Amino acid sequence: MGQEWIVYSFVARGVVILAEHTTRPSNLPSIAAQWLENLPADPHKKFTMKYDGHTFNFLVEEGYGPYVYGVVARETVGTQQILFEFLDRIRQDFKKRYGHGEGDAATAKSLSKKFGPIMKQNMQWVVDHAEEIDRVAKVKAQISEVQVIITDNVNKILERGEQIDTVVDKAEKLHDSSLEYRNRAIEIRRKMWYQNAKIKLIILGVIFLILALVIWASICNGFNCS
């Protein structure tokens, strides 16, 4: 897939197109300019529109105007991420070159001669790295999905804050009860040990007494005790 499927690109300040590059003659640039005039002035937003088998993609950035980066291409499956990667690249390159006031002072299409070749280079770059861009986009999507899941779980936890406090309180009470039960169990075991010891001592005393009586009786029989 060559870059010829990308038809037109531009950089605008508000509705004033400062730089543009066209790969082949068509009426698509004029249609893009019309939609540019009706584009919502919402910063850091991406917009995609379709017309006559082509997609019109816009990247709006807050600034004086604000700045809008656009690209028109044939409608092809799996090219949306490539087109927005292209827009982000020309956004970065434009800001590096004209982000210190020159872009704010530029007039209509006055930067096309200098910046047009840069847009052409970026077109070829994204086409040559289409597979890599697609892989990176999928990873970003997975990361975003994980972040959404984490955020949703945190929100649910915050919403259930009172329930969590109740669970914690019950857990603390259960812990206190378990300590009290443990202390009572230790005390009961000690009492039972002392009782068993006393019983054993009494039994031993009785045994010694019986033995003593038996011995005494035997002695008395031997000596005819009366």
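Residues numbered from 1 in each chain as written. Predicted model: local features only at pLDDT ≥ 70, side-chain atom pairs only at ≥ 80, totals over all residues. Heavy atoms only, no water.

Some remarks on the nonpolar core
One recurring pattern in soluble globular proteins is that nonpolar side chains are buried together. Basically, it comes down to this: Buried Ala, Val, Leu, Ile, Met, Phe, Trp, Tyr and Cys residues that are joined via side-chain atoms within 4.5 Å together make up what is termed a nonpolar core. Each residue's exposure class comes from its accessible area (1.4 Å probe, protein chains only) as a fraction of the maximum for that residue type: buried when under 20%, exposed when over 50%, partly exposed otherwise. Where helices and strands are cited, they refer to DSSP runs of H or I of at least four residues and of E of at least two residues respectively, numbered from the N terminus. Any pair of residues with heavy atoms lying within 4.5 Å of one another is described as a contacting pair.
Judged by nonpolar contacts, the single largest core of 28 residues is most densely connected at I6, F94 and F115. At the level of elements, β1 (6-13), β2 (16-22), β5 (67-74), α2 (80-98), α4 (112-128) and α5 (130-159) are the ones that each hand at least two residues to this core. A per-element tally of this core places α2 first, with 8 residues. Discounting chain neighbours no more than four positions away, the residues touching F94 are V11, L18, Y67, Y69, G99, G103, L111 and F115. One finds A12, I17, F47 and F58 within the second-largest nonpolar core, a separate group that totals 16 residues.

Notes on helix α1 (residues 28-37)
Inclusion rule: In this description, the arc belongs to the directions extending from the helix axis to the C-beta atoms.
Among the residues making up α1, those that are buried are L28, P29, I31, A32 and L36. Buried residues of α1, viewed axially, fall in a sector of 160°; they line one side. Turned more than 90 degrees off the buried face of α1, the exposed positions are Q34 and E37.

Quick notes on the pattern of salt bridges
Stated precisely, the cut-off is as follows: The salt bridge definition used is simple: a Lys or Arg side-chain nitrogen within 4 Å of an Asp or Glu carboxyl oxygen.
The final tally for this structure, using the stated rule, is 6 salt bridges. Of the charged contacts, one joins K109 and E20 as a salt bridge, the two residues approaching to 3.3 Å between their closest N and O atoms. With a gap of 89 residues between them, K109 in the loop between α3 (102-105) and α4 and E20 in strand β2 connect regions that are remote in the sequence. According to the relative accessible area criterion, K109 is partly exposed, its value standing at 45%. For K95, the salt bridge identified is with E61, shortest N-O distance 3.2 Å.

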